[in-house]
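What the coordinates show
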Amino acid sequence: MSDYALEARGLTKTFGGFHAVKDVNLKVRRGSIHALIGPNGAGKTTCFNLLTKTLTPTAGQVLLDGQDITKLRSAQVAKLGLVRSFQISATFPHLTCLENVRVALQSNNGTAFQFWRSLKAVEPLNQRARELLAQVGLAGREETPATELSYGKKRALEIATTLALDPKVMLLDEPTAGMGHEDVEPITDLIRKVSAGRTILIVEHNLSVVSSLCERITVLQHGEVLTEGTYAEVSTDPEVITAYMGG
Ligand code: ADP
């Protein structure tokens, strides 16, 4: 088995001749939290889209657990355990927390739209949904509509719906974006907790979150890898400092 849960080899995407991502090599060690950082326009979102097959690469390969998934579609990739959170896992605002997680569980087992299922059939799913809500700190909020949750708790609910898909590799797209200071620490702790037994690749602008969570960091600039290393290594790299200062 490969040491790397997720790998990109020579990943490239052009839009009408413009290289949004160019020859990116990325190795995410199994069981680690790895960050993808870089200034605006560096190619982070495009990379995420290529890794989850929302976009088709112009060149290069994506490997999940050593298996080439370049030719698979995004739904097939998700079935293999590579799941992206936040941008796509929006919750249903008028469903309760429990219903939101149950819908995610049902979408994972192929029964999402079987509303006629008996209570008996649904109860194990409700039980699992309660466990997932407890894991993300939402015990006692089962009957609360998602729309009534605070911003930070909504993000926790989104994590629960992602966990319902039983991901091996989670891609988190700016999990603390738009959050007040008081929500950043709980969500950072939650990411650390749910990382147990999983691999996480995270795009994150808050560098203190990156330094506290991530074993390794890949820095992108102009679509290319500028450097890769530990937080201590990349944060003292003069090229990285210049890139962030807009030089
Ligand atoms: P980041 O997420 O690091 O801010 P992006 O991946 O969104 O960067 O964008 C990288 C570059 O690719 C930017 O210059 C952006 O304008 C360009 N780009 C992204 N998507 C498209 C697209 N669909 N068509 C044309 N250019 C794009």
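Located above this text is the structure these notes cover.
Residues numbered from 1 in each chain as written. Predicted model: local features only at pLDDT ≥ 70, side-chain atom pairs only at ≥ 80, totals over all residues. Heavy atoms only, no water.

Topic: the environment of Val 24
Within the fold, Val 24 resides in strand β2 (residues 18-29). Under the relative-accessibility criterion, Val 24 is labelled buried at 1%. Between the C-alpha atom of Val 24 and that of Glu 224, which follows or precedes it by 200 residues, the distance is 5.9 Å. Residues within four places of Val 24 in sequence aside, it is in contact with Ala 8, Arg 9, Gly 10, Leu 11, Cys 47, Leu 220, Gly 223, Glu 224 and Val 225. (Helix = DSSP H or I, 4+ residues; strand = E, 2+ residues; numbered from the N terminus. Buried < 20%, exposed > 50% of the residue type's maximum accessible area, 1.4 Å probe, protein only. Contact = heavy atoms within 4.5 Å.)

Points about the site of the ligand
Taken together, the residues surrounding the ligand are Phe 15, Phe 18, Ala 20, Pro 39, Asn 40, Gly 41, Ala 42, Gly 43, Lys 44, Thr 45 and Thr 46. Contact distances for the ligand include 3.1 Å between an oxygen atom and a backbone N or O atom of Ala 42. Thr 45 has a polar side-chain atom sitting 2.6 Å from an oxygen atom of the ligand. Here the ligand has 560 Å² of accessible area as a free molecule, and 58% of this is covered by the chains. Breaking the shell around the ligand down by element, the ones donating at least two residues are β2 and α1 (44-51). The leading source of residues in the shell around the ligand is α1, at 3 residues. (Near = heavy atom within 4 Å. Polar contact = N/O pair within 3.5 Å; in protein donor to acceptor, adjacent residues only side chain to side chain. Areas by Shrake-Rupley, 256 points an atom, 1.4 Å probe, with all protein chains shown as cover.)

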